Amino acid sequence: MRAHPALLARTFCLQLGHSGSGKTTLLDVLAGRKTSGTLTGTIQYNGLPPSSSLLRRVTGYVEQFDTLVDTLTCREMLLYTAQLKRPMSEPLSAKHAAVEHLLDKLGLSSCSSTQIGHSLKRGISGGQAKRLNIGVALITDPRVLYLDEPTSGLDSFTAYEVMQVVAGLTSEGTTVATTIHSPSAACFNLFDRLLVLLNGHVVYHGSAGETAIAYFTSCCSARQPQVGDNLAEWMLEAVTQADRSKEGKVGLAEVYSTSFQAKVSQQ
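Residues numbered from 1 in each chain as written. Predicted model: local features only at pLDDT ≥ 70, side-chain atom pairs only at ≥ 80, totals over all residues. Heavy atoms only, no water.

Asker: For this particular structure, what's the right way to read helix α5 (residues 126-138)?
Answerer: An α-helix turns once per 3.6 residues; consequently, residues spaced three or four apart project the same way. Counted at 1.5 Å a residue, the expected span for α5 with its 13 residues is 18 Å, and the 19 Å between its end C-alpha atoms agrees. Taken across its 13 residues, α5 has 12 buried, putting it largely inside the fold. Restricting attention to buried positions, one finds in α5 the residues Gly 127, Gln 128, Ala 129, Lys 130, Arg 131, Leu 132, Asn 133, Ile 134, Gly 135, Val 136, Ala 137 and Leu 138. The inward-facing, buried residues of α5 abut β4 (59-62), α3 (74-85), α4 (92-105), β5 (144-148) and α6 (156-169). (Helix = DSSP H or I, 4+ residues; strand = E, 2+ residues; numbered from the N terminus. Expected span 1.5 Å × (residues − 1). Buried < 20%, exposed > 50% of the residue type's maximum accessible area, 1.4 Å probe, protein only. Contact = heavy atoms within 4.5 Å.)

Asker: Please clarify how a nonpolar patch on the surface should be interpreted in this entry.
Answerer: Judged by side-chain polarity, Val 69, Tyr 80 and Leu 84 come together as a nonpolar surface patch covering roughly 290 Å² of accessible area. Inspection of the secondary structure puts Tyr 80 in helix α3. (Patch = residues over 30% accessible without salt bridge, like charges linked within 9 Å, V, L, I, M, F, W, Y side chains within 5 Å. Areas by Shrake-Rupley, 256 points an atom, 1.4 Å probe, with all protein chains shown as cover. Salt bridge = Lys/Arg side-chain N within 4 Å of Asp/Glu carboxyl O.)

Asker: Where do I start with the pairing of strand β2 (residues 12-16) in this structure?
Answerer: On a regular strand, one side chain projects to one face of the sheet and the next to the other, so that they alternate. A large share of β2 lies buried, amounting to five of its five residues. Residues Phe 12, Leu 14 and Leu 16 line one face of β2 and the alternating positions Cys 13 and Gln 15 line the opposite face, and both faces are buried. Note that β2 and strand β6 (residues 175-179) share four bridges and pair parallel. Each bridged residue has a counterpart across the sheet, and for Leu 14 the counterpart in β6 is Thr 178. Strand direction decides the pairing type here: β2 and strand β7 (residues 193-198), joined by four bridges, are parallel. Bridge pairing links Gln 15 to Leu 195 in β7. (Pairing = 2+ DSSP bridges.)

Asker: Is there a simple way to explain the packing of helix α8 (residues 210-219) against helix α9 (residues 231-244) in this structure?
Answerer: Angle between the axes and distance between the axes: these two values describe a pair of packed helices. Where α8 meets α9, the closest approach of the two axes is 11 Å, and the angle between their N-to-C directions is 25°. In this view, α8 runs roughly parallel relative to α9, as classed from their interaxial angle. Handedness of the α8/α9 crossing: left-handed. Seen from α8, the contacting residues are Ala 212, Ile 213, Phe 216 and Thr 217; seen from α9, they are Leu 231, Trp 234, Met 235 and Val 239. Grouping the constituent residues of the contact of α8 with α9 by class yields seven nonpolar, one polar and no charged. (Axes fitted to C-alpha atoms, helices over the stretch in contact; angles between N-to-C directions. Parallel < 35°, antiparallel > 145°, perpendicular 65-115°, else oblique. Left-handed = near helix turned anticlockwise from the far one by under 90°. Nonpolar A, V, L, I, M, F, W, Y, C, P; charged D, E, K, R; others polar.)

Asker: Explanation requested: the packing of α5 against α6 in the structure shown.
Answerer: Viewed as axis vectors pointing N to C, α5 and α6 meet at an angle of 20°, and their least axial separation amounts to 9 Å. By the angle between their axes, α5 is roughly parallel relative to α6. Of the two possible hands of crossing, α5 and α6 adopt the one that is right-handed. Together, Gly 127, Lys 130, Arg 131, Ile 134 and Leu 138 of α5 and Thr 158, Glu 161, Val 162, Val 165, Val 166 and Leu 169 of α6 make up the contact between the two elements.

Asker: Would you mind showing me how to read the confidence of the model for the protein here?
Answerer: Segments scoring low in pLDDT should not have their predicted coordinates read at a detailed level. Model confidence for the protein is summarised by a mean pLDDT of 88, while 94% of its residues fall at 70 or above. Note on residues 1-10: pLDDT under 50 across the span, and 32 contacts to partners over four residues away in sequence or across chains. (pLDDT = per-residue confidence, 0-100.)

Asker: What should I look at first to understand the environment of Ala 185 in this one?
Answerer: Secondary-structure assignment places Ala 185 in helix α7 (residues 185-188). Expressed as a C-alpha distance, the spacing of Ala 185 and Leu 195, which sit 10 residues apart in the sequence, is 16 Å.

Asker: Whenever I open this one, the pattern of salt bridges confuses me. Can you help?
Answerer: Two side chains that carry opposite charge are able to pair once their charged atoms sit near each other. All chains considered together, the criterion is met by eight salt bridges. For Arg 86, the salt bridge identified is with Glu 90, shortest N-O distance 2.8 Å. As far as the burial class goes, Arg 86 and Glu 90 line up, both buried. Arg 223 serves as the salt-bridge partner of Asp 229, at 3.0 Å between the closest nitrogen and oxygen. By relative accessible area, Asp 229 is classed as partly exposed at 27%. A relative accessible area of 37% means that Arg 223 is categorised as partly exposed.

Encoded structure:
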């Protein structure tokens, strides 16, 4: 897989593709978490190849499945992570302040003293757990945040609520790249950048709105979207149909690589 140097050119990027298209693999590559296989191409942050120490400092990663300690409260979980990951020279008072700031920013102040719990012992809700997982990644103040399926297992309203919180992080200068297998129309509209993958190949990278619609209808023979269509599902339908017809396995990637849209994205 080729790691594209311009994937994070904007603040809020959605990686879209059917199961097995390479979404999580690409996130792992960009975050420096992929240790197996062969990689080609370059990864650049601010125009320079990142070192492993830089990646640890400037990136945060939220896995698809919860990694929370069920016996701790939300505040204790964040403080525990802060003591592990923030500099040892930092005063404990500063770590407490960072925790309180995150609890407020993620809308977790009301459940800050509630135990996380598990399937057999009720604790915080699913949406609160997702936001707390994001907080664990944010405790080190990363400049780039990667999220792998952050809405997995949530209903559409809670998923939108979580993604609204994530979108709000971009206003403070955090670049966010996330994978969502099948986002709702409301969630999709939150994104300003879109990356579509097919079998490990980039078949579109650019704006998530009218530009994407124009590209898929003109270059990928997609049908015109109808009123009420979920644009994310409409794009996946076009890519999947091309894949099943055996015309798009590499063809769509080649069409994109030579398109004007690819040149615009590179710039």
